[in-house]
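# Residue-level structure breakdown
Residue strings, one per chain:
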Amino acid sequence: MAFDEFEPSSRREGIFRAKSWARKSWFGVTTGLLVCLALSNALMAQEPPAPQQAPPESASQVAETVSVDPGVTDARIAERLTRIIEATKWFREVNVRVDQGLVFLEGRTDTENHKIWAGDLARNTQGVVAAVNRISVNETSTWDLSPAWTELQSLGSEAMKKSPLIILGLLILLLTWSAMMWASRSARFVLHRWLENQLLRRVASRVIAVPILLLGAYLALRVAGLTSLAVTVLGGTGLIGLVIGIAFREIAENFLASVMISIQNPFAQGDLIAVAGHKGFVQSVNTRSTLLMTLDGNHVQIPNATIYKETIVNFTANPNTRFDFLVGIGYDDSIEEAQAVSRAVLAKQEGLVKDLEPWVLVETLGAATVNIRVYFWVDTASFNGLKVRSAVIRGVKKAFVAAGISMPDESREVVFPSGVPVRMISGESEAAAREVKAPAASKQEVIQLPVGTRGTTEGDLSTEATDIKQQAQRARKPEGGPNLLKNS
């Protein structure tokens, strides 16, 4: 059951339309009720029809005693029974024989009831001692449709008799439909001020409209003379709902989950979320599933029941996200200097949240390095976190090289501060030993990074949400249905 949305473009126009609709609906309902009352009075004023005598074909009983003239003989009894049986037109090839008050009936008929009726007639006749019923019943053909035709004629006759009540019931049903539509639209108009979600307004209006429809259907069936059917409709509503609930359990589960999602609002359209192993931007939510567009540009439809049961990570609810990375420096390098250089890079990096303090902390002492972890906050509502993190790592590495801070690998490294002496064994020019010293790393000032890194290796640092949104607009909708995340 679907209803058209009643959403006024402005408050004044909506109130005027609601009042106009209410006046028209009230006038229609009042007129219909008056017509119903007039028809009911007319039907009640009619005198009840006199009971009609059942046709001969429906007779199943005979008189207790069928009199015969005094001084009756077997011949008079046979003659009397023959005339009565032939008058019914139910029998063919009738032969009645009476011997000493014992009646023998022979012949053919179409139904078993007619045969029984003839036997009862003979036994109740005056002067009859007993009756032997040898009347045979004709076998009907499989393709004999006369019983069906008779039943249809009976139904048609019954429908003609109840046609005024049926018309009155249809009128009540029509008025009920009008009242249901008026109640549904009025409920949507009233609830528009308190419920912004479209799905919740639709569900509330249906909760109000369905009882009106059931009550109208019950009244229409009762007026039409179908009382047993009316009781069955109301009594079977719960059974039907149970059967439908079992057959369409998953559909009902997803629908209820969509209602709960609409009430709780764990995310909004365009939010970046991770749920059930999928990460993407929320495109729409309908009564069956939630549509995500992943960072790879793929559509993913997740059932609402899964969304409601799973853990949801919303990356957009808080516009700031903390990132970190690990960098190792040599044991001979100054930790304080490395921390200062890292903070200097973070202070000049675009896309970081300046109000939140970055951390540069010593994490572990490795086999060959002192491991420092750098923490910083990125404005992920406007910038791409991965690109900003890459820019920070690149800037820290460049600043460490410029400052002469070594970054050895994880293998064990032996450092000779005074160099390694080398003595040549052969050759006059190489007779004298000489020392080869490793050049000392010159301490230079930290390279000044430009404010902002647009146009650098990472490219544009802005968030990819805009690009995903544009792709979603150009993409084909994988599933129809209204978007429940829209308030209008």
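This text goes with the structure placed above it.
About the cut-offs
- Residues numbered from 1 in each chain as written.
- Predicted model: local features only at pLDDT ≥ 70, side-chain atom pairs only at ≥ 80, totals over all residues.
- Heavy atoms only, no water.
- Helix = DSSP H or I, 4+ residues; strand = E, 2+ residues; numbered from the N terminus.
- Buried < 20%, exposed > 50% of the residue type's maximum accessible area, 1.4 Å probe, protein only.
- Contact = heavy atoms within 4.5 Å.
- Areas by Shrake-Rupley, 256 points an atom, 1.4 Å probe, with all protein chains shown as cover.
- Pairing = 2+ DSSP bridges.
- Axes fitted to C-alpha atoms, helices over the stretch in contact; angles between N-to-C directions.
- Parallel < 35°, antiparallel > 145°, perpendicular 65-115°, else oblique.
- Left-handed = near helix turned anticlockwise from the far one by under 90°.
- Nonpolar A, V, L, I, M, F, W, Y, C, P; charged D, E, K, R; others polar.
- Core = buried A, V, L, I, M, F, W, Y, C linked by side-chain atoms within 4.5 Å.
- Expected span 1.5 Å × (residues − 1).
- Phe/Tyr/Trp six-rings, centres within 6.5 Å; stacked < 30°, edge-to-face > 60°.

Within the protein, the regular secondary structure consists of 12 helices and 13 strands. Per-residue burial for the protein yields a buried fraction of 31% across its 488 residues. Considering only contacts in the protein between residues 6 or more positions apart, those separated by 24 or more positions represent 68%. Put simply, the protein shows about 31,000 Å² of open surface, and 59% of that area lies on carbon and sulfur atoms.

Here we come to the pairing of strand 6 (residues 289-294). Burial runs high along strand 6: six of the six residues are buried. Neither face of strand 6 is left uncovered, since the one carrying Ser-289, Leu-291 and Met-293 and the one carrying Thr-290, Leu-292 and Thr-294 both have all their residues buried. Bridge count between strand 5 (residues 278-285) and strand 6: five bridges; the pairing is antiparallel. Counted as the bridge partner of Ser-284 is Leu-291 from strand 6. Where strand 5 folds back onto strand 6 in an antiparallel hairpin, the turn is made up of three residues.

Moving on: the packing of helix 2 (residues 74-88) against helix 3 (residues 112-123). In the contact formed by helix 2 and helix 3, the axes pass within 11 Å of each other and the chain directions differ by 155 degrees. Between helix 2 and helix 3, the angle falls in the class roughly antiparallel. Seen along the crossing, helix 2 lies across helix 3 with a hand that is right-handed. Contact with helix 2, carried on its side by Leu-81, Ile-84, Ile-85 and Thr-88, involves Trp-117, Leu-121 and Ala-122 of helix 3 and no other residues of that element. Class assignment for the residues of the contact of helix 2 with helix 3 results in six nonpolar, one polar and no charged.

This part takes up the sheet that holds strand 5. Spatially, the five strands line up as an open sheet ordered 7-6-5-4-8, and their pairing is antiparallel. With one partner strand each, in any of the chains shown, strand 7 (299-303) and strand 8 (313-314) form the two edges of the open sheet.

On to unusual backbone geometry. The backbone of Lys-89 sits at a positive phi, close to 65 degrees, despite the residue not being glycine. Phi is positive for Ala-276, close to 55 degrees, though the residue is something other than glycine. Within the secondary structure, Ala-276 sits in the loop between strand 4 (272-275) and strand 5. Given a relative accessible area of 33%, Ala-276 falls into the partly exposed group.

Here we come to the nonpolar core. Core analysis: the biggest nonpolar cluster contains 24 residues, and Phe-376 and Phe-400 have the highest contact counts within it. Elements with a minimum of two residues in this core: strand 9 (320-329), helix 10 (335-348), strand 11 (370-379) and helix 11 (385-403). Element by element, the count of residues in this core is highest for helix 11, at six residues. In contact with Phe-376, other than residues within four places in its own chain, are Thr-321, Arg-322, Phe-323, Asp-324, Phe-325, Leu-346, Leu-352, Pro-358, Arg-389 and Val-392.

Before going further, it helps to examine the sheet that holds strand 9. Ordered by their spatial adjacency, three strands build an open sheet running 9-11-10, and the pairing between neighbours is antiparallel. Either end of the sheet is taken by a strand with one partner, and the two such strands are strand 9 and strand 10 (359-365). On average, each strand axis in the sheet is inclined to that of its neighbour by 25 degrees, with strand direction left out of account. For strand 10 and strand 11, the ladder comprises six bridges, and the chain directions are antiparallel. The residue bridging Trp-359 from the neighbouring strand is Tyr-375, located in strand 11. Across the sheet, helix 11 touches strand 9 and strand 11, and the angle it forms with strand 9 is around 30 degrees.

To continue, consider helix 5 (residues 163-191). Under the 1.5 Å per step criterion, the end-to-end length of helix 5 is 42 Å for 29 residues, consistent within 8% with the ideal 42 Å. Among all positions in helix 5, only Leu-168, Gly-169, Ile-172, Leu-175, Thr-176, Met-180, Met-181, Ala-183, Ser-184, Ala-187, Arg-188 and Phe-189 are buried.

With that out of the way, let us pick up the packing of aromatic side chains. A full pass over the atoms with the stated rule returns five aromatic pairs. Ring geometry for Trp-90 against Trp-117: centres 5.1 Å apart, planes inclined by 70 degrees, an arrangement best described as edge-to-face. A residue pair is termed long-range when its members are at least 10 positions apart, and Trp-90 in the loop between helix 2 and strand 1 (91-99) and Trp-117 in helix 3 qualify at 27 residues. Plain terms: the ring middles of Trp-359 and Tyr-375 are 5.8 Å apart, the flat faces sit at 70 degrees to each other, and that makes the pair edge-to-face. Of this pair, Trp-359 sits in strand 10 while Tyr-375 sits in strand 11; the two residues are 16 residues apart in sequence, bridging distant segments of the chain. For Trp-359, a relative accessible area of 38% translates into the label partly exposed.

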